[in-house]
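An overview of the molecular structure
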Amino acid sequence: MASRFVDEVNAQIGREFGASQQYVAIAVHFDAQTLPQLAAHFYRQALEERNHAMMMVQYLLDADEDVRVPGVEAPKTAFEDDRAPVALALEQEKAVTAQIANLVTIAREESDHVGEQFLGWFLDEQREEVASMSALLSVIDRAGDNLLLVEDYLVRQGGGSGTEPANAPPAAGGSV
């Protein structure tokens, strides 16, 4: 019988895949407007969330636990303005932070020290993701209707490589 922690990690795998799909939808929104920097930023975010799901898959495989890959709800694809998808992304990152913190709590309650240690990397990652998305939303708010200023900001930020840092947990099948 699986522990509550294993059940919740499996549920988080689905949430990570759902976040990935939402980021694809946001990227497509910006790609359709010929905003290549914003589109690339969110395509990279989509890959990162997919990799996070696969890290959790690998963790469960390594722990000899059952892995369940749940289906995901369709992402939101229509937005009232160009601020809305980034605001949604920020709320999504805050929600994921709370979900990971809850997983840590469950690991502690079950005295699963290995599981708790595994999640430490994700907590650091979520802090960075919330800060990054919050900064992007602030830039969008300052830019108003001129998203070319946001494009320039992303160019100056260097865009990011789309790969996980060297200390990231391994992803099943390898990171992409």
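These lines cover the structure that appears in this document, whether it is placed above or below. Just so you know, these numbers come straight off a predicted model, no measurement behind them.

What to know about the pattern of salt bridges
- Applying the stated criterion to the full structure yields 9 salt bridges.
- In this structure, Asp-7 engages Arg-68 in a salt bridge whose closest nitrogen and oxygen atoms are separated by 3.1 Å. Of the two residues, Asp-7 is situated in helix α1 (residues 4-31) and Arg-68 in the loop between α2 (36-62) and α3 (84-109); the sequence distance between them amounts to 61 residues.

Description of unusual backbone geometry
- Even without being a glycine, Thr-34 presents a positive backbone phi close to 55°.
- Summarising the element assignment, Thr-34 is placed in the loop between α1 and α2.
- Phi at Asp-64 is positive, roughly 60°, even though this residue is not glycine.
- Of note, Asp-64 is situated in the loop between α2 and α3.

What to know about the packing of α2 against α3
- Remark: α2 packs on α3, axes separated minimally by 13 Å, with the N-to-C direction vectors making an angle of 15°. The pairing of α2 with α3 is recorded here as roughly parallel in orientation. Crossing of α2 over α3 shows left-handed handedness. On α3, the residues touching Phe-42, Gln-45, Glu-49 and Met-56 of α2 are Val-86, Ala-89, Glu-93 and Ile-100.
- The residue makeup of the contact of α2 with α3, split by class, is 5 nonpolar, 1 polar and 2 charged.

About the thresholds
- Residues numbered from 1 in each chain as written.
- Predicted model: local features only at pLDDT ≥ 70, side-chain atom pairs only at ≥ 80, totals over all residues.
- Heavy atoms only, no water.
- Salt bridge = Lys/Arg side-chain N within 4 Å of Asp/Glu carboxyl O.
- Helix = DSSP H or I, 4+ residues; strand = E, 2+ residues; numbered from the N terminus.
- Axes fitted to C-alpha atoms, helices over the stretch in contact; angles between N-to-C directions.
- Parallel < 35°, antiparallel > 145°, perpendicular 65-115°, else oblique.
- Left-handed = near helix turned anticlockwise from the far one by under 90°.
- Contact = heavy atoms within 4.5 Å.
- Nonpolar A, V, L, I, M, F, W, Y, C, P; charged D, E, K, R; others polar.

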